[in-house]
Amino acid sequence: MQPTAIFCRAEEARQRALAGTAKLENVKRIAIVAAAAWAKEGAAAEHREARKLRTQELAREGVAKREMPHAEDCILSENPDRGLYSRALT
């Protein structure tokens, strides 16, 4: 399961807050590195989610544009069964 952009941004903010309140230098450094990693993962998650939305939109458009083949096109088919089946539908 991949984290969402919202989750990644929340974790980034949490790590930055931890870095701001840390008294130990090594804890602060680790929190800063973790925040940077969460920021990078958040950007990747945003790209993933945008790609998923674009793919879904293209799929919806493809389904809306899908039409049954015309009888003339089915006659020219290399598969004679497909041509007969399609003619039976029209």
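For the structure itself, look to the data block above.
Report on the accompanying structure. (Residues numbered from 1 in each chain as written. Predicted model: local features only at pLDDT ≥ 70, side-chain atom pairs only at ≥ 80, totals over all residues. Heavy atoms only, no water.)

With respect to the environment of Ala31
Position of Ala31 relative to the elements: it lies in helix α2 (residues 25-65). Classification of Ala31 by relative accessible area gives buried; the value is 1%. Distance from Ala31 to Arg16, taken between C-alpha atoms, is 6.5 Å for residues 15 residues apart in sequence. Contacts of Ala31, omitting those with residues within four sequence positions, involve Gln15, Leu18 and Ala19. (Helix = DSSP H or I, 4+ residues; strand = E, 2+ residues; numbered from the N terminus. Buried < 20%, exposed > 50% of the residue type's maximum accessible area, 1.4 Å probe, protein only. Contact = heavy atoms within 4.5 Å.)

Concerning the side chain of Glu12
Along the chain, the position of Glu12 falls in helix α1 (residues 5-21). In this view, Glu12 contacts Ala35, Trp38 and Ala39; residues no more than four positions away in its chain are not counted.

Some words on the pattern of salt bridges
For the structure on display, the rule yields six salt bridges. Here Glu12 makes a salt bridge to Arg9, at a shortest N to O gap of 3.3 Å. Of this pair, Glu12 and Arg9 both sit in helix α1, three residues apart, roughly one helical turn. Residue classification places Glu12 among the buried residues on the basis of a relative accessible area of 14%. (Salt bridge = Lys/Arg side-chain N within 4 Å of Asp/Glu carboxyl O.)

With respect to the packing of aromatic side chains
Enumeration over the complete set of coordinates arrives at one aromatic pair. With a centroid separation of 5.5 Å and 80° between ring planes, the pair formed by Phe7 and Trp38 is classed as edge-to-face. One end of the pair, Phe7, is in helix α1; the other, Trp38, is in helix α2, with 31 residues separating them in the sequence. Judged by its relative accessible area of 23%, Trp38 is partly exposed. (Phe/Tyr/Trp six-rings, centres within 6.5 Å; stacked < 30°, edge-to-face > 60°.)

Purely geometric numbers; function is a separate question.
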